[in-house]
Amino acid sequence: MRFTNKNEIKIIPSIYTVLVAIFVTNIFVNLELMGSDEPINFSHYVPNIVVVVLAFYVHRVGQAFDFDSDGETLNLKNNGVFFSKFMEYRVKKAEFPKRKLGKYRFSDYFFYSALTIYISSRRRRGYKKYTFNTTFLTRKKKKGMLSSLDKILEKSKATA
């Protein structure tokens, strides 16, 4: 099974632009208020604080996710969105034979979801852990990914 969330994350650069525009507008409003006789309260800075928190959240979860379980290997990849046409940044990759998949854990919260996979290794004891951001995957793709990982684990347990 192969899929990506490229269609779902096309909105992220637009959200960045809107948040920057709101932030700059609020700065100019605050500068204008400083020049007037009205005292500046904390409430004048609340919109900028909210915008910064939202921008941090969008930056944190706004990542492209690619999943490929066709063939003998399992490929997972996270990549940043904003400059992804020009360069790869914030890249996290895992490419390994399916038989090395030890277990996985899927965390799905309301505003964030992540896939944590554990890969067995011959060189050291235990598992190597990778966490991938899957927030912008559709529910159907998440279910397909989890069923594909379940099938891989069943096959590896049957052959072991």
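## Focus: the environment of Phe-132
Then comes step 1: Here Phe-132 lies in strand β7 (residues 127-133).
Then comes step 2: Of the residues examined, Phe-132 reaches a relative accessible area of 0% and is grouped as buried.
Then comes step 3: Measuring from C-alpha to C-alpha, the distance between Phe-132 and Asp-70 comes to 19 Å, with 62 residues separating the pair along the chain.
Then comes step 4: Other than its neighbours up to four places away in sequence, Phe-132 contacts Phe-65, Leu-76, Lys-77, Asn-78, Lys-92, Lys-93, Ala-94, Ser-113, Ala-114, Leu-115 and Ile-117.

## Focus on helix α1 (residues 12-35)
Then comes step 1: Taking 1.5 Å of rise per residue, the 24 residues of α1 would be expected to cover 34 Å, and the 35 Å separating its terminal C-alpha atoms lies within 8% of that figure.
Then comes step 2: Listing the buried residues of α1 in full gives Ile-12, Tyr-16, Leu-19, Asn-26, Asn-30 and Leu-33.
Then comes step 3: Contacts made by the buried residues of α1 are with α2 (46-61).

## A look at the side chain of Asn-26
Then comes step 1: Mapped onto the elements of the fold, Asn-26 is located in helix α1.
Then comes step 2: Looking at Asn-26, the relative accessible area reads 18%, which means it is buried.
Then comes step 3: For Asn-26, the contacting residues outside a window of four places in its chain are Pro-47 and Asn-48.

## Considering the layout of surface pockets
Then comes step 1: Reported here for the largest pocket is a volume of approximately 260 Å³.
Then comes step 2: What lines the largest pocket is a set of 13 residues, among which Lys-98, Arg-99, Ile-152, Lys-155 and Ser-156 lie closest to the centre.
Then comes step 3: For the lining of the largest pocket, the element with the highest residue contribution is helix α3 (residues 139-159), accounting for 6 residues.

## Re the pattern of salt bridges
Then comes step 1: According to the stated counting rule, one finds 3 salt bridges in the structure shown.
Then comes step 2: Among the salt bridges present, the one from Arg-2 reaches Asp-68, with a minimum N-O distance of 2.8 Å. Highlighted residues: Arg-2 in strand β1 (residues 2-4) and Asp-68 in strand β2 (residues 63-68), separated in sequence by 66 residues.
Then comes step 3: Classification of Arg-2 as exposed rests on a relative accessible area of 59%.
Then comes step 4: Across the pair Asp-108 and Lys-142 runs a salt bridge, and its minimum N-O distance is 3.8 Å. Taken together, the residues Asp-108 in strand β5 (residues 101-108) and Lys-142 in helix α3 connect sequence positions 34 residues apart.
Then comes step 5: Here Asp-108 falls in the partly exposed class, since its relative accessible area comes to 47%.

## Quick notes on the sheet that holds β2
Then comes step 1: Here we have 4 strands laid out as an open sheet, ordered β1-β2-β3-β4, and antiparallel in their pairing. Where the open sheet ends on each side, the last strands, each with one partner, are β1 and β4 (92-97). The average undirected angle you get between the axes of adjacent strands in this sheet is 5°.
Then comes step 2: Taken together, the 6 bridges between strand β3 (residues 73-80) and β4 define a ladder with antiparallel strand orientation. Its bridge partner lying in β4, Lys-77 is registered against Lys-93.
Then comes step 3: Contacts between α3 and the sheet are confined to β1, β2 and β3, with β2 contributing the most and set at about 40° to the helix.

## A word on the environment of Thr-116
Then comes step 1: Within the element layout of this structure, Thr-116 appears in strand β6 (residues 113-120).
Then comes step 2: In sequence terms Thr-116 and Lys-129 are 13 residues apart; their C-alpha atoms lie 6.8 Å from each other.
Then comes step 3: Excluding residues within four positions of it along the chain, Thr-116 makes contact with Lys-103, Tyr-104, Arg-105, Lys-129, Tyr-130 and Thr-131.

Calculation rules
- Residues numbered from 1 in each chain as written.
- Predicted model: local features only at pLDDT ≥ 70, side-chain atom pairs only at ≥ 80, totals over all residues.
- Heavy atoms only, no water.
- Helix = DSSP H or I, 4+ residues; strand = E, 2+ residues; numbered from the N terminus.
- Buried < 20%, exposed > 50% of the residue type's maximum accessible area, 1.4 Å probe, protein only.
- Contact = heavy atoms within 4.5 Å.
- Expected span 1.5 Å × (residues − 1).
- 1 Å grid on protein atoms, 1.4 Å probe; cavity = no way out; pocket = protein on both sides within 12 Å on 5 of 7 lines; lining within 4 Å.
- Points joined across faces, edges and corners; volume = space filled by probe spheres on them.
- Salt bridge = Lys/Arg side-chain N within 4 Å of Asp/Glu carboxyl O.
- Pairing = 2+ DSSP bridges.
- Axes fitted to C-alpha atoms, helices over the stretch in contact; angles between N-to-C directions.

Note that every value here comes from positions in space, so none of it alone points to a role or purpose.
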